[in-house]
Amino acid sequence: MVDRPLDETQLVEQARRGDLAAWETIVRAYQGIAFRTAYLLGGSAADAEEAVQDGFVKAYRALGRFRRGAPLKPWLLRIVANEAKNRRRAAGRRDALAVRVAAEDRPGDAVPSPEAALLAGESRRRLLEAVERLSDEHRDAIACRYFLELSEDETAAALGVRRGTVKSRLSRALERLRDELGEMP
Amino acid sequence: MNELELQLVELGRELDVPAAPDLAPRVVERVEGRRPFPWRPLAVALAVVVVAVAIAFAVPPARGAILRFFHLGGASVVRVETLPPAVERSQADGLGEPLTRDAAERRVAFKLVLPSTASRVYVLGDSLASVVVRAYGRTVLVSEFPGRGEFLEKLVAGRTDVERLQVDGQPALWLEGAPHVLQYFDRHRGFREEPILIRGNVLLWVHGPVTLRLEGKLTKAQALELAHRLD
């Protein structure tokens, strides 16, 4: 993620003129979210690493087609997401996601009772299992919009679909999750 | 956001995602060979060329030793200082599955212009179709693959000459001299054949939406004549 003020437009212009240091700065700024995107869509750390690397190389070479002044993050994420999905397609499978063990004891939280912690953990696992059972299209939309916390526009850009498509996929995916989980609102 | 959406956001924050490695040095290393042009018409072609650079950098012995690039349709030719390790094969080996012409066209999803005299069309992956024919008393391998993307890469070293030509007004490349190395990729670059050592001469040329490749111990004039007949 971006951890300091970044004049993105200027860096892109510099990179477009062949300034590799500027591109390196951009890579460092976005490689975190790019890796997380590739991992959540592809499900493998090794594939995610390759997808991000190939994505940034392709993006650099495609800078001539990048529309000046447009937001860089969705454009980058779209290239990386494509790389990740291509690898997922080629592999014919995707590793299941998991909840961090440490998530049971989050810093700053009041210490839950053992029963409450157990219920919360069970609820998260059930929700994740239900997400994993969704179709790739619905799961990708959920991953981008909620797991990556992208806006609807950014989700649309990352997945290469219209905003309306994102909205309908999310709506159907949420409906499917509610059906599967029964008791959830 | 409703309750379920909030729970999904919360779940996302608790997913076990490995820490992102620092990929910036490797990205920079891979793109360092050439700089992009801001001019739009050149950008697309250059992007494809540079993917070839990335592929070449992925071959360890070629790393850091790339001298020149040529791009033509779905193929790239990369001149390197040292060829990477490669296996030798006969022209008929490793070409893929033998199919009827109709089945081959369905598999690759484009119209074949390969010589129709061949009884079998070999298809590798989902994008490269080949036939083996006889011409000028020699065995000749003719392959066809999409002209957009990166399906075939050739690595050549010092003693292989690369010449720019034209076949019926379309751009072509003629490779002659010392052995060179060939590698195939599928539409997603997910499928890679082992690098193959090629001892014959090669003509690559563009034919509308596809790229053609002719390999055999032919002279340049013979290869051009054969290509002209195919066109």
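Residues numbered from 1 in each chain as written. Chains lettered and ligands numbered in written order. Predicted model: local features only at pLDDT ≥ 70, side-chain atom pairs only at ≥ 80, totals over all residues.

Overview of the overall build of chain B
Broken down by element type, chain B carries five helices and 14 strands. Within chain B, contacts between residues separated by at least 24 positions form 55% of all contacts whose residues are at least 6 apart in sequence. (Helix = DSSP H or I, 4+ residues; strand = E, 2+ residues; numbered from the N terminus. Contact = placed C-beta atoms within 7 Å.)

A few points about the overall build of chain A
Assigned secondary structure in chain A consists of eight helices and zero strands. Moving toward the C terminus, one meets the helices and strands of chain A in the order α-α-α-α-α-α-α-α. A total of 185 residues make up chain A; the buried ones form 39% of that total. In chain A, the share of contacts with a sequence separation of at least 24, taken over all contacts with a separation of at least 6, comes to 66%. (Buried ≥ 20, exposed ≤ 12 C-beta atoms within 10 Å, placed from the backbone.)

Considerations on the nonpolar core
Core analysis: the biggest nonpolar cluster contains 55 residues, and Ala34, Ala38, Val52, Phe56, Tyr60, Val80 and Ile142 of chain A have the highest contact counts within it. The dominant element in this core, judged by the number of residues it contributes, is helix H2 (residues 20-42) of chain A, at twelve residues. No fewer than three residues from each of domain 1 (8-91) and domain 2 (101-181) of chain A sit in this core. By size, the runner-up hydrophobic cluster in this structure holds 47 residues, among which are Val80, Val123, Val167 and Ala172 of chain B. (Core = buried A, V, L, I, M, F, W, Y, C linked by C-beta atoms within 7 Å. Domains from an automatic or database assignment.)

Structural notes on helix H8 (residues 163-181) of chain A
The end-to-end C-alpha separation of H8 of chain A is 27 Å, in line with the 27 Å expected for 19 residues at 1.5 Å each. The first or second residue beyond H8 of chain A is glycine 182 of chain A, which carries a positive phi of 65°. (Expected span 1.5 Å × (residues − 1).)

Notes on the sheet that holds strand E4 (residues 97-99) of chain B
All names here are of chain B. Pairing is antiparallel in the open sheet, where eight strands are placed in the order E4-E5-E6-E7-E14-E13-E10-E9. Whereas interior strands pair on both sides, the edge strands pair on one side only; in this sheet they are E4 and strand E9 (160-167). Ignoring strand direction, the axes of neighbouring strands in this sheet form an average angle of 25°. Where strand E7 (residues 138-146) lies against strand E14 (residues 210-216), six bridges are found, and the strand directions are antiparallel. Residue pairing across strands places valine 142 opposite leucine 214, the latter belonging to E14. Against the sheet, helix H4 (residues 101-108) contacts E4, strand E5 (121-124) and strand E6 (128-135), and its axis sits at roughly 20° relative to E5. (Pairing = 2+ DSSP bridges. Axes fitted to C-alpha atoms, helices over the stretch in contact; angles between N-to-C directions.)

Some words on the confidence of the model for chain A
All names here are of chain A. Averaged over all residues, the pLDDT of chain A equals 82, while 83% of them reach at least 70. Per-element confidence in chain A is highest for helix H6 (residues 136-147), whose mean pLDDT is 93, and lowest for helix H5 (residues 114-132), whose mean pLDDT is 75. Predicted confidence for residues 102-109 stays below pLDDT 50, and this span has three contacts to residues more than four positions away or in other chains. (pLDDT = per-residue confidence, 0-100.)

Focus on the confidence of the model for chain B
Residue and element names in this part refer to chain B. Averaged over chain B, the pLDDT score is 75; the fraction of residues at 70 or greater is 73%. Predicted confidence in chain B is weakest over helix H3 (residues 40-58), with a mean pLDDT of 38, and strongest over strand E13 (residues 201-207), with 91. Between residues 34-65, whose pLDDT stays under 50, and residues either more than four places distant or in other chains, the model counts 68 contacts. Interface confidence for the predicted complex, expressed as ipTM, amounts to 0.82; the pTM equals 0.50.

Section: the packing of H6 of chain A against helix H7 (residues 152-159) of chain A
All names here are of chain A. In contact at an axis separation of 9 Å, H6 and H7 are set at 135° when each is read in the N-to-C sense. Taken together, the axes of H6 and H7 are oblique relative to one another. Crossing handedness for the pair H6 and H7: right-handed. Note on element contacts: H7 touches H6 through Glu152, Thr155, Ala158 and Leu159, opposite Asp140, Ala141, Cys144 and Arg145. (Parallel < 35°, antiparallel > 145°, perpendicular 65-115°, else oblique. Left-handed = near helix turned anticlockwise from the far one by under 90°.)

Section: helix H5 (residues 220-230) of chain B
Residues and elements named next belong to chain B. What H5 keeps buried is the set Ala223, Leu224, Leu226 and Ala227. Mapping the buried residues of H5 onto a view down its axis gives an arc of 160°, with all of them on the same face. In H5, the exposed positions angled more than 90 degrees off the buried face are occupied by Ala221, His228 and Arg229. Those residues of H5 hidden inside the fold are in contact with E6, E7, E9, E13 and E14. (Arc of directions from axis to C-beta.)

Thoughts on the packing of H2 of chain A against helix H2 (residues 24-31) of chain B
One can describe the packing of H2 of chain A onto H2 of chain B by two numbers: an axis separation of 9 Å at closest approach and a directional angle of 145°. For H2 of chain A against H2 of chain B, the interelement crossing comes out right-handed. Residues Leu20, Trp23, Glu24, Val27, Arg28 and Gln31 of chain A of H2 of chain A lie in contact with H2 of chain B, whose contacting residues are Ala24, Val27, Val28 and Val31 of chain B. Residue composition of the contact of H2 of chain A with H2 of chain B, grouped by class: seven nonpolar, one polar and two charged. (Nonpolar A, V, L, I, M, F, W, Y, C, P; charged D, E, K, R; others polar.)

Remarks on the environment of valine 206 of chain B
Residues and elements named next belong to chain B. Note that valine 206 resides in strand E13. The buried category is assigned to valine 206, around which 21 C-beta atoms lie within 10 Å. In sequence terms valine 206 and glycine 169 are 37 residues apart; their C-alpha atoms lie 9.4 Å from each other. Not counting chain neighbours up to four residues away, the residues in contact with valine 206 comprise Leu72, Gly73, Gly147, Gln170, Pro171 and Thr211.

Digging into unusual backbone geometry
Its identity is not glycine, yet glutamate 149 of chain A carries a phi of approximately 60°, on the positive side. Inspection of the secondary structure puts glutamate 149 of chain A in the loop between H6 and H7.

A few points about the pairing of E7 of chain B
The side chains of a regular strand alternate, residue by residue, between the two faces of the sheet. Residues and elements named next belong to chain B. Summarising the sheet, E6 and E7 pair through seven bridges and their orientation is antiparallel. Directly across from arginine 134, in E7, lies its bridge partner threonine 139. The turn linking E6 back onto E7 is made up of two residues, and tyrosine 136 within it adopts a positive phi angle of 55°.

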